[in-house]
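Coordinate analysis (summary)
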Amino acid sequence: MAKMKKILTNLGVFVVATGLAVLLAEFGARLFLNSSDFLGLEVVGDPVLGWVPSPSAMAGFDKWGFRNREVPKTADIVAVGDSHTYGNTARMVDSWPYVLGHLTGLQVYNMGVGGYGPNQYFYLSKTKALSLKPHMIIWGLYMGDDFEGAYSLTYGLEPWAYLRALPPRKVDPNVWEAPPSNTRGKRMRVWLSRHSVLYQVVLHSGIGGKVSGQVEIRNAAQLYPGQATSLILPEKHIAEAFRPKGMLTRLDQQDPNVREGMRITFELLKEMNDICQQNHIQFLVVVIPTKESVFSNYLEHNSKLPLDDVIDQVLVNERLAREQLFRFMSESKIPYVDALPALQKAVAESRYPSLYASSGTDMHPNKNGYHVIAEATAEVVKNRNSQVDHR
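Residues numbered from 1 in each chain as written. Predicted model: local features only at pLDDT ≥ 70, side-chain atom pairs only at ≥ 80, totals over all residues. Heavy atoms only, no water.

1. Let's talk about the nonpolar core
Keep this limit in mind: Each nonpolar core is a collection of buried residues, namely Ala, Val, Leu, Ile, Met, Phe, Trp, Tyr and Cys, held together in the definition by side-chain atoms within 4.5 Å. Relative accessibility under 20% of the residue-type maximum defines a buried residue, over 50% an exposed one, and the middle range a partly exposed one, all with a 1.4 Å probe and only protein chains included. It only takes one pair of heavy atoms within 4.5 Å for two residues to be counted as in contact.
Formed by 96 residues in total, the largest nonpolar core has its most connected members in Trp96, Trp139 and Leu269. Sequence-distant contacts of Trp96, defined by excluding residues within four places in its chain, comprise Ala79, His84, Thr85, Ile138, Gly140, Val286, Ile288, Tyr370, Ile373, Ala374 and Thr377.

Shown next, in the form of C-alpha cells:
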C-alpha cells in the first residue's frame, strides 16, 4: 500500500511538473514569437461580413482584429484581401502588404482575412480603410475563389441582396467553413491550433513541417485519389502538388453562378473606384493567380500527369476569366497589377527554392511568393506616386 501511494505521488508530481513546463514553454513562445505567425484565427458569425475575428482570439492581432502590430491613426496604403493578403503560411513580416511597405518606404496597413471576398473588401474599405485617410487602397483579388465568394455572400446574406440579379436561392455564405469535428481528438487538435503557439511550432513548423510537406507533395495522387496531382521536375527545382478540381468549380465559365460572381465582383470594383475618386484616393487591384496558372508552362497538355484534363480546363477557364476582368478594369479605368508574369518568371529562373507553401496541396504562396507579389506591386505603386508628384 505504501509502495502504491509513493508511485501515485511520484506520478502526480510528474504530471504537475510536466504541466508547468508546458505552460512555461507556451508563455515563452508567446513572449518571443508573434502569435499571429502560428495560431489559426478563430472567428465568429457576423450578419454583414459572414464572420469576423473572435474577441477571444486577438493574440498577435491589432484591436480591429487584423494582422498588424497596431491600428495607426493614418496609413499611406491600406491593403484589403483574403488569406493571400493576410499572408497564410508565412510570418506577418513576410506578407506581401508588409513587404510592400518595406520596398516603398510607405506605411501599409493590412486588412486581409482568410475566406473574405469582394463583398467584404468593399465593406471594410468603406467602413474602416477610409477612416485611416490613405493615399491608396489596394484590393488583393485572388482568381481562385473570389468570384465564388462574391456569389455566396451576395445570395447568402440579406444585407447584400441589392446586388442580386438571379432569383432567390438558399446559399451558404461561408464556402470555406470546415465540417464539424466529430471526434474528440479532432476537436482537440483544432482547439490547440487556435490557442497554442507551442503546439503549432512543434508539429507544423520547422523541419517536421517541411518533411511532412515533401511527403505530401510526392504522394499527392495517392493521398488524395482523384483530387490531387504532383509536378516533380528536379532539373527545374520544381516540386509542387495541385488540387485542380476545386479550382475548376470556382472558375468554370459555363457555370451561371461563377458568371454571376464575376458580375458582382465587377460591380463592387466599379463602385469602390468611384468612392476612391470622390475621396481623392488612388485605387489599385492586385490580381493574384492560381497556383495552376503560375506553373502552367509545365502543367498544360502534360499527359503524364494525373488529372491533366482537369488542369487544362482550369487553365482555359482562368484565362477567360482574366481576359474579362482585365477588359472590364481597363474600360473602367481601374489600375491593376497582374502578378502572374512576375511569379512565372521567378519559377522559370529558379529564383527561389520554392514559391509556395511546403504543404504540397496548399494553394498559398510562401514568403518567397509573397515577396514576388510585393515587388510587382511596389513597381506600380512607385510609378503611380511619381506620376502624382509630377502633376
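2. A few points about the packing of aromatic side chains
Put simply, the rule reads: Note on aromatic contacts: the rings of Phe and Tyr and the six-membered ring of Trp form a pair at centre separations within 6.5 Å, being stacked when their planes are under 30 degrees apart, edge-to-face when over 60 apart, and tilted otherwise. For the purposes of this entry, the term helix denotes a DSSP run of H or I that reaches at least four residues, the term strand denotes a run of E that reaches at least two, and both are numbered from the N terminus. A positively charged side chain is recorded as over a ring if its NZ (Lys) or CZ (Arg) lies within 6 Å of the ring centre. The angle to the ring normal must also be within 35 degrees.
With the rule as written, the count across this model stands at twelve aromatic pairs. Arranged with centres 4.7 Å apart and planes meeting at 10°, the rings of Phe266 and Phe328 form a pair that is stacked. Separated by 62 residues along the polypeptide, Phe266 in helix 11 (residues 256-278) and Phe328 in helix 14 (residues 308-331) bring together distant segments of the chain. Look at Phe328 and you get buried, because its relative accessible area is 15%. In this structure an aromatic cluster arises from ring pairing among Trp64, Phe66 and Tyr109. A cation over a ring is seen here: Lys291 above Phe242, with NZ or CZ 5.3 Å from the ring centre.

3. Let's talk about the packing of helix 4 (residues 118-129) against helix 5 (residues 146-156)
Spelled out, the test is: Axes here mean lines fitted to C-alpha atoms, for a helix over just the part in contact, with angles spanning 0 to 180 degrees between N-to-C directions. Orientation labels follow simple angle bins: below 35 degrees gives roughly parallel, above 145 gives roughly antiparallel, 65 to 115 gives roughly perpendicular, and whatever is left gives oblique. Classification convention: Asp, Glu, Lys, Arg as charged; Ala, Val, Leu, Ile, Met, Phe, Trp, Tyr, Cys, Pro as nonpolar; all other residues, Gly among them, as polar.
With their axes 7 Å apart at the nearest point, helix 4 and helix 5 run at an angle of 75° to one another. Considered as vectors, helix 4 and helix 5 are oriented roughly perpendicular to each other. Only Asp146, Gly149, Ala150, Leu153 and Thr154 of helix 5 make contact with helix 4, whose side of the interface consists of Pro118, Asn119, Gln120 and Tyr121. Among the residues forming the contact of helix 4 with helix 5, the class breakdown is four nonpolar, four polar and one charged.

4. Some points on the packing of helix 4 against helix 11
Note the threshold: Take the far helix as the reference: if the near one is turned anticlockwise from it by less than a right angle, the crossing is left-handed, and if turned clockwise, right-handed.
At a closest axis distance of 9 Å, the pairing of helix 4 and helix 11 adopts a crossing angle of 15°. Regarding the angle of helix 4 to helix 11, the classification is roughly parallel. Considering only the axes of helix 4 and helix 11, their crossing is left-handed. Here helix 4 contributes Pro118, Asn119, Phe122, Ser125 and Lys126 to the contact with helix 11, which in turn contributes Ile264, Thr265, Leu268, Glu271, Met272 and Ile275.

5. Quick notes on helix 4
For the record, the criterion: Helix span, as expected, comes to 1.5 Å for every residue beyond the first.
With twelve residues, helix 4 extends just 14 Å between its outermost C-alpha atoms, more than 12% less than the 16 Å of an ideal straight helix rising 1.5 Å per residue. Inspection of helix 4 places Pro118, Asn119, Gln120, Tyr121, Phe122, Leu124, Ser125 and Ala129 among the buried residues, and these make up the whole buried set. Those residues of helix 4 that are buried are in contact with strand 2 (50-53), strand 3 (77-81), strand 4 (108-112), strand 5 (136-142), helix 5 and helix 11.

6. Some thoughts on unusual backbone geometry
The backbone of His237 shows a phi angle near 60°, a positive value even though the residue is not glycine. Relative to the helices and strands, His237 is located in the loop between strand 6 (229-233) and strand 7 (238-242).

7. Some words on the side chain of Asn317
Structurally, Asn317 can be placed in helix 14. For Asn317, a relative accessible area of 9% translates into the label buried. Non-local contacts of Asn317, meaning those with residues more than four positions away in its chain, are made with Leu248, Leu251, Asp252 and Gln253.

8. Remarks on the pairing of strand 6
Put simply, the test is: In this analysis, strands are considered paired if DSSP registers two or more bridges between them.
Most of strand 6 is tucked away: four of the five residues are buried. In this structure, strand 6 lies alongside strand 7, joined through five bridges in antiparallel fashion. Following the sheet pairing, Thr229 is matched in strand 7 by Phe242. The hairpin formed by strand 6 and strand 7 contains four residues between the paired strands, and His237 there has a positive phi angle of roughly 60°.

9. Quick notes on the pairing of strand 1 (residues 43-46)
In this structure, strand 1 lies alongside strand 2, joined through four bridges in antiparallel fashion. Bridge pairing in strand 2 links Asp46 to Gly50. With antiparallel pairing between neighbouring strands as the criterion, strand 1 and strand 2 make up a hairpin whose turn holds three residues.

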